[in-house]
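Summary of the model geometry
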Amino acid sequence: MKRRLSLLTLALFTATSYAAGRTPAPGKSAAHATAAATTAPQDAGPAPVAPLAIPGVPMPPTLPQQASYVLMDADTGAVIAAKAPDQPWPPASLTKLMTAYLTYQAVAHGSLKMDQTVPVSVSAWHTGGSRMFISPGMTVTVDQLLHGLIIDSGNDAAVALAQAVAGSRSGFVGLMNHEAKALGLKSTHYTNVDGLPNPDLRTTAMDVAKLSRDIVRTYPQFLKISVKKHFTFDKIRQRSWNPVLFHDPTVDGLKTGRTKEAGHCIDATALRNGRRLIAVVLGGPSWTVSTHDIEALLDYGYQFYANAKVAVAGKPAGTLKAPLYRTTAVAVGPARSITMTIPALAAKTLKTSVVLDPPPAAGVHRGQTVGTITVSAGGKTLATVPAVALADDPPAGFVTRMMRKLKAAL
């Protein structure tokens, strides 16, 4: 009887999800979706910004139906485009990003194992909202719960994992807020492990992007789950909540969230030609609109921006002229390598200028700072790095200096 009720619940849940716009309705064209995504509401909010832009780079998409958004490069952490990035917003199931983060952290620290069996409590079983349909007495592993959390957006999986990591939901929420502070998520506050509505549960598009970057860099195995379009547990097959997976083969994560208060929120990441971007949109009116807007952001970032090594440690960038040194000239270069996200136009006009200090009378040793190297493009400074000597060069001996003076006098 319980099994039949679970299947009935799943059927009703699935029907409701599709009716709510989980996927585009049959017969709706791409043109219809585009029109829907570009129809501005009465208040479109603040204009988007492109912090790295130089003259000639198009402005980012306006996305008037999104309350806020952020487009970030996952490798450099550079923000390519943003709209109201620090506006507080209810995260809905994007809350589960931190739930997953702390679970992977527990596995990394050895307090949990992926194949470890986790007991299902009555409170986890009774958790409302989206579910993976676990119940007391079931055999379920940490790995299965992570699949149910990330793909099915299972609130029951979130509670079970929280109890496995911290012993209780309240204890886990304490860990969530502690970790948020440690990661620099200054505008995020958690009140639960699953994202069910609470007036004090909040985040921002910027914080979601920062957390997502930490996930893909620290726990990339997350993406091996989030890329999957379906997950079957206990003979119940559920479709991923992430609609972008079904539209763009370069997208492999991360998470979505939807409540009446939050709207249709998508946190997506894509890998194209070896470069990973993260796009977050909050507050969209439908999955169709939010999917279209995520694609608009990703396309903008990949078309108009690129990652470039603007400084390479050990590569000569200039020469320190020192007539009183043994060699009279010392090669100098950047103290460290710098990879930056820059406009694609800027890659063709990069300029490197070197300003050197007077040569020290005592000579220089390899790695000693002797000046500054500045990289610019389009009249905008992109990076500044210390210039260091690339070799040891002591003062010349007395005889050598005298011979040079005689030679100069001839």
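Located above this text is the structure these notes cover.
Now for a description of the structure that goes with this document.

Calculation rules
Residues take numbers from 1 onward in each chain, read along the sequence in its written order. This being a predicted model, a pLDDT of at least 70 is required before a residue's local features are given, and a value of 80 or more before pairs of side-chain atoms are given or counted; all residues contribute to the totals for chains, interfaces and linings. Excluding hydrogens and water, the side-chain figures rest on all heavy atoms present in the structure. A run of H or I in DSSP becomes a helix once it reaches four residues, and a run of E becomes a strand once it reaches two; helices and strands are each numbered from the N terminus. Whether a residue is buried, partly exposed or exposed follows from its accessible area with a 1.4 Å probe, protein chains only, as a fraction of its type maximum: under 20%, in between, or over 50%, in that order. Throughout, a contact is declared for two residues whenever any of their heavy atoms are within 4.5 Å. Each accessible area value is a Shrake-Rupley result obtained with a 1.4 Å probe; residue values ignore everything except the protein chains displayed when judging cover. As used here, the term nonpolar core means buried Ala, Val, Leu, Ile, Met, Phe, Trp, Tyr and Cys residues forming a set that is joined through side-chain atoms within 4.5 Å. The pairing criterion for strands is at least two bridges between them, as found by DSSP. What counts as an axis is a line fitted to C-alpha atoms, over the stretch in contact for a helix, and the angles between N-to-C directions run from 0 to 180 degrees. Each crossing gets its hand from how the near helix is turned against the far one by less than a right angle, where anticlockwise is left-handed and clockwise is right-handed. For this scheme, ten residues count as nonpolar: Ala, Val, Leu, Ile, Met, Phe, Trp, Tyr, Cys and Pro. Four count as charged, namely Asp, Glu, Lys and Arg, and the remainder, Gly too, count as polar. The length a helix should cover is 1.5 Å for every residue beyond the first. Our angle categories are set so that under 35 degrees counts as roughly parallel, over 145 as roughly antiparallel, 65 to 115 as roughly perpendicular, and the remainder as oblique. Stacked, tilted and edge-to-face pairs are distinguished by plane angle, under 30 degrees for stacked and over 60 for edge-to-face with tilted covering the rest, among Phe, Tyr and Trp rings (Trp via its six-membered ring) whose centres lie within 6.5 Å. Whether a charge sits over a ring depends on NZ of Lys or CZ of Arg being within 6 Å of the ring centre and within 35 degrees of the ring normal. In what follows, salt bridge is the name for a side-chain nitrogen of Lys or Arg lying within 4 Å of a carboxyl oxygen of Asp or Glu.

Some points on the overall build of the chain
Within the chain, the secondary structure is distributed over 11 helices and 14 strands. Each of the 410 residues in the chain was classed as buried or not, and the buried ones make up 49%. Here the analysis covers contacts within the chain between residues at least 6 apart in sequence; of these, 66% occur between residues at least 24 apart. A total of about 18,700 Å² of accessible surface is found on the chain, and carbon and sulfur atoms cover 58% of it.

A look at the nonpolar core
In this structure, Met98, Leu145 and Phe222 are the most contacted members of the largest nonpolar core, which totals 61 residues. Those residues in contact with leucine 145, other than ones at most four positions away along the chain, are Val118, Met132, Ile134, Val140, Ala157, Ala160 and Leu161. Listed in part, the 39 residues of the second largest apolar core include Ile54, Ala270, Ala311 and Val375.

Quick look at the sheet that holds strand S6 (residues 263–272)
Reading across from one edge, S2-S1-S7-S6-S5 is the order of the 5 strands in this open sheet, with antiparallel pairing throughout. The open sheet terminates on both sides in strands that have one partner only, identified here as strand S2 (79–83) and strand S5 (251–259). Mean inter-strand twist for the sheet, computed between neighbouring axes without regard to direction, equals 5 degrees. For strand S1 (residues 68–73) and strand S7 (residues 275–284), the ladder comprises 6 bridges, and the chain directions are antiparallel.

Concerning the sheet that holds strand S9 (residues 318–321)
Taken together, the 5 strands give an open sheet; going across it, the order is S9-S10-S14-S13-S12, and neighbouring strands pair in antiparallel fashion. Every interior strand has two partners, whereas the edge strands, S9 and strand S12 (351–356), have only one. In this sheet, neighbouring strand axes are inclined to one another by 35 degrees on average, regardless of whether the strands run parallel or antiparallel. Relative to strand S14 (residues 380–389), strand S10 (residues 329–334) runs antiparallel, the two being bridged by 3 bridges. Within S14, the residue paired with glycine 333 across the bridge is valine 388.

A short note on the packing of helix H3 (residues 96–109) against helix H6 (residues 155–166)
As a packed pair, H3 and H6 sit with axes 10 Å apart at the nearest point and diverge in direction by 35 degrees. For the pair H3 and H6, the crossing hand works out as left-handed. Side by side, H3 and H6 meet where Lys96, Thr99, Thr103 and Ala106 of the first sit next to Asn155, Ala158, Leu161 and Val165 of the second. For the contact of H3 with H6, the per-class residue count stands at 4 nonpolar, 3 polar and 1 charged.

Brief notes about unusual backbone geometry
With omega at 5 degrees, the peptide bond leading from glycine 253 into leucine 254 counts as cis. Note on placement: leucine 254 falls in strand S5. The phi dihedral of aspartate 234 falls on the positive side, at around 55 degrees, and the residue is not glycine. Along the chain, aspartate 234 turns up in the loop between strand S3 (230–233) and strand S4 (236–239).

Some details on H3
Its 14 residues give H3 an end-to-end C-alpha distance of 20 Å, which sits within 8% of 20 Å, the value for a rise of 1.5 Å per residue. H3 sits mainly inside the fold: 11 of its 14 residues count as buried. Residues of H3 that are buried: Lys96, Leu97, Met98, Thr99, Ala100, Tyr101, Leu102, Thr103, Tyr104, Gln105 and Ala106. Of the residues trailing H3, glycine 110 is marked for its positive phi of about 90 degrees.

Some words on the packing of H3 against helix H7 (residues 169–182)
Packed helices, taken two at a time, are described by their axes: the angle between them and the distance between them. Running from N to C, H3 and H7 point in directions that differ by 95 degrees, and their axes come no closer than 10 Å. One finds that H3 runs roughly perpendicular with respect to H7. Seen from H3, the contacting residues are Met98, Thr99, Tyr101, Leu102 and Gln105; seen from H7, they are Phe172, Leu175, Met176, Glu179 and Ala180. Its residues assigned to classes, the contact of H3 with H7 comprises 7 nonpolar, 2 polar and 1 charged.

Some words on the environment of threonine 384
Within the secondary structure, threonine 384 sits in strand S14. When its relative accessible area of 46% is taken as the criterion, threonine 384 is described as partly exposed. Residues threonine 384 and serine 353 lie 31 residues apart in sequence; the distance between their C-alpha atoms is 9.7 Å. Not counting the four nearest positions on each side in its chain, threonine 384 is found in contact with Arg336, Thr372, Ile373 and Thr374.

Digging into the packing of aromatic side chains
This model, assessed by the stated rule, comprises 5 aromatic pairs. Ring centres of tyrosine 104 and tyrosine 219 lie 5.9 Å apart, and the angle between their planes is 20 degrees; on these two criteria the pair is classed as stacked. With tyrosine 104 in helix H3 and tyrosine 219 in the loop between helix H8 (205–218) and helix H9 (221–226), this residue pair connects regions lying 115 residues apart in the sequence. Classification of tyrosine 219 as buried rests on a relative accessible area of 7%. Both rings, one in tyrosine 300 and one in phenylalanine 304, keep their centres 5.4 Å apart while their planes meet at 50 degrees; by these two values the pair is tilted. In this pair, tyrosine 300 and phenylalanine 304 are both assigned in helix H10 (residues 287–304), 4 residues apart and thus about one turn of the helix distant. Tyrosine 300 gets classed as buried once you look at its relative accessible area, which sits at 5%. When the ring centre of phenylalanine 246 is taken as origin, the NZ or CZ atom of arginine 239, which lies over that ring, is 3.7 Å away.

Focus: helix H5 (residues 142–150)
H5 sits mainly inside the fold: 7 of its 9 residues count as buried. Those residues of H5 lying buried are Val142, Leu145, Leu146, His147, Gly148, Leu149 and Ile150.

Details of the pattern of salt bridges
Scanning all chains against the criterion turns up 5 salt bridges. The residue arginine 131 makes a salt bridge to aspartate 156 at a minimum N-O spacing of 3.7 Å. One end of the pair, arginine 131, is in the loop between helix H4 (122–125) and H5; the other, aspartate 156, is in helix H6, and 25 residues separate them in sequence. Residue arginine 131 shares its accessibility class with aspartate 156, and that shared class is buried. The salt bridge involving arginine 272 is made with aspartate 299; its shortest N-O contact spans 3.0 Å.

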